[in-house]
Amino acid sequence: MRSADGTQGSLPALSTLTELPSFDELSPSEGQRAAYVGACERAVEAGADKDELVMGCVVRLDRGYPAVLAADATFRAEFSTRLTKDGLRGRADSRAAVGDWVCARRPHGHDMGLIEEILPRESDIARWRGGARGERQTLAANVGLVLVVQQLGERPVSCDRIARSAVIARDCGSDVAVVLTKADRASDETLEKDVAAVRDVLGEGCGIALTSSTADGAQARRVGVCAARLEVPWGTDAVRELVPRGTVAIVLGESGAGKSTLLNALLGRDVLETGAVRASDDAGRHTTVARRMVSLPGGGVIVDEPGLRSLPIVGHERGLAKVFPEIAEAARECRFRDCTHTHEPGCGVRAGEREGRFSSRRLECYVSLAAEMRESALSLDPDVVI
C-alpha cells in the first residue's frame, strides 16, 4: 500500500480493528440501492466484470485511504481512474467520506478494491474551507445525528460553539443532541446554569446527556443527584440511548472535549487514544487521527472525528433559520433588509424579544452567528433573511 507521498506506508491491519461495525448495522436507502444498480451498469460499460462489483460503505479513512465494508469482507480501496479524472474536473462527489455508500470493484486475485462511484448522500455533514463559500470539506456522510460534545468546568459552557455545530447539522439534514462531559468538574450551581443555557439556546426538545470519566463514588453520586433534579440523563448509558441501534451519529467537538474518552467508555475498552489537556487554557491536543466508524455495544454506530479547531458557518444560512426559526421569521418583519438586529429602527427581531417570543440569550447567540455570516455577504443565500 502506497502512502500519500508515493512510498510504502503502514496502515492499521483491518483484522485488528475490532471496533468496526458489521454490515448488518448499516443500511443504505432505497435511493442509494437504485443508484448502485446504475453505477454497476456504468462500471461494466467501462470494462469491469459484473461479478467483481459490490456495494459497500466507507467505514474508515487513514491518510485518505478508505476501508470499505461489504457484505462479505472489509477491504482497503483506491479510487478508480474514472473517478479520479472526475475529481480533477472539480466534481464534489469524487472524494469519499466516512459513511459514504460506494460501488466498488474487487478484481479477482487482489486484496484491494477500486471505488468506481460514490453513491448519492442522504446527508452530508460538511463545513466550508476558509471564510467564504467555496470548497466544502465533508466530515461524514449519511449521518442521522450529530452529537455535540462540550466539556464542563469553572467557565460557562460555550453555547456559541454548541449552536454553530447545531446550525451545520440542521443545514446538512441531521438531528442534534448535546453531550456535556467532565460533569464532575462543575458545581451543582454551574451544572444547573449550563443545562439551562443549552436548553434555552437549542430548545427543550434537544437531547442532552451528562457524563464524566473521572468521577469517583462521591462525585458520581453528587452529579447523579443533580442530573436527576434537572431531569437530564446521566452516564454512558444516557449517551447510548441517544444513539440507538440503526442510528449513525458523528461526534463533533473541540480537541480536549473528551470525545475519545467518551467513546472508550461507550465501547467498554480503551480502543481510541486519549491525550492530556493543557492546564494553561484547558484545551486539548488532537488525539484522533483517522476518521472512523465505531460500533457501540447495545447501541448504534458513531463516526469518530478529529477535534476541530475551527468550525466556520459560512454557507449554512438555512441551518441558522432552522435552529432559530422564530427569530428568522421575526427578521422578515425588519424595516431594513440588512438589519443587524442591534440598533436599527423598525427591527422586527428586537420587537419579538420585547414581546417575549424568544429569550435574550437565544437572541444573543443568533445575532452573534448572523454577524459572522454577514461578514461574508457575497456568499450568503439570498433567499434567507438573517
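Attention here is on the structure that accompanies the text. Here the structure is a predicted model, which means the values were calculated and not measured. (Residues numbered from 1 in each chain as written. Predicted model: local features only at pLDDT ≥ 70, side-chain atom pairs only at ≥ 80, totals over all residues. Heavy atoms only, no water.)

A separate point is the overall build of the protein. A count of helices and strands for the protein gives eleven helices and 13 strands. When each of the 386 residues of the protein is scored for burial, the buried share is 52%. Nonlocal contacts in the protein, meaning residues at least 24 apart in sequence, comprise 70% of its contacts between residues at least 6 apart. Surface accessibility of the protein: about 17,600 Å² in total, with carbon and sulfur atoms responsible for 49%. (Helix = DSSP H or I, 4+ residues; strand = E, 2+ residues; numbered from the N terminus. Buried < 20%, exposed > 50% of the residue type's maximum accessible area, 1.4 Å probe, protein only. Contact = heavy atoms within 4.5 Å. Areas by Shrake-Rupley, 256 points an atom, 1.4 Å probe, with all protein chains shown as cover.)

Let's shift gears to helix 4 (residues 188-202). For the α-helix, the turn length of 3.6 residues means that residues three or four positions removed from each other point alike. Relative to the 21 Å expected for 15 residues at 1.5 Å per residue, helix 4 spans 21 Å between its end C-alpha atoms, a close match to the ideal helical length. Taken together, the buried positions of helix 4 are occupied by Thr-190, Leu-191, Asp-194, Val-195, Ala-197, Val-198, Val-201 and Leu-202. For helix 4, the angular spread of buried residues about the axis comes to 155 degrees, placing them on one side. In helix 4, the exposed residues that point more than 90 degrees away from the buried face are Glu-189 and Lys-193. Just downstream of helix 4 lies Gly-203, where phi reads positive at about 100 degrees. (Expected span 1.5 Å × (residues − 1). Arc of directions from axis to C-beta.)

What follows is about helix 11 (residues 360-374). Given a rise of 1.5 Å per residue, 15 residues ought to cover 21 Å, and the 20 Å separating the end C-alpha atoms of helix 11 matches this to within 8%. Considered for burial, the residues of helix 11 that qualify are Arg-362, Leu-363, Cys-365, Tyr-366, Val-367, Leu-369, Ala-370 and Met-373. Packing partners of the buried residues in helix 11 comprise helix 3 (159-171), helix 4, helix 8 (317-323), helix 9 (325-331) and helix 10 (348-354).

Across soluble globular proteins, you tend to see nonpolar side chains buried next to one another. Counting 95 residues, the largest nonpolar core has Leu-26, Leu-180, Ile-250, Met-293, Phe-324, Val-349 and Tyr-366 as its most contacted members. In this structure, Leu-147, Ala-209, Val-243 and Leu-267 belong to the second largest nonpolar core, which totals 18 residues. (Core = buried A, V, L, I, M, F, W, Y, C linked by side-chain atoms within 4.5 Å.)

Under the criterion given, the structure shown has two aromatic pairs. Ring centres of Phe-23 and Trp-101 lie 5.9 Å apart, and the angle between their planes is 85 degrees; this geometry places the pair in the edge-to-face category. Within this pair, whereas Phe-23 is found in the segment before helix 1 (30-45), its partner Trp-101 is found in strand 4 (residues 101-105), the two being separated by 78 residues in sequence. Centroid distance Phe-324 to Tyr-366: 5.6 Å. Interplanar angle 80 degrees. Geometry classified as edge-to-face. Taken together, the residues span a long stretch of sequence, with Phe-324 in the loop between helix 8 and helix 9 and Tyr-366 in helix 11 at a distance of 42 residues. (Phe/Tyr/Trp six-rings, centres within 6.5 Å; stacked < 30°, edge-to-face > 60°.)

Now for unusual backbone geometry. Backbone geometry places Lys-182, a non-glycine residue, at a positive phi of 55 degrees. Position of Lys-182 relative to the elements: it lies in the loop between strand 9 (175-181) and helix 4. Even without glycine at this site, His-341 takes up a positive phi of about 65 degrees. By the secondary structure assignment, His-341 is in the loop between helix 9 and helix 10.

Looking now at the side chain of Asp-62. You can see Asp-62 is positioned in strand 1 (residues 53-62). There is a polar contact of 2.9 Å between the side chain of Asp-62 and the side chain of Arg-76. Setting aside residues no more than four positions away along its own chain, Asp-62 makes contact with Leu-11, Pro-12, Arg-76 and Ala-290. (Polar contact = N/O pair within 3.5 Å; in protein donor to acceptor, adjacent residues only side chain to side chain.)

Functional significance is not addressed by these values, which are geometric in nature.
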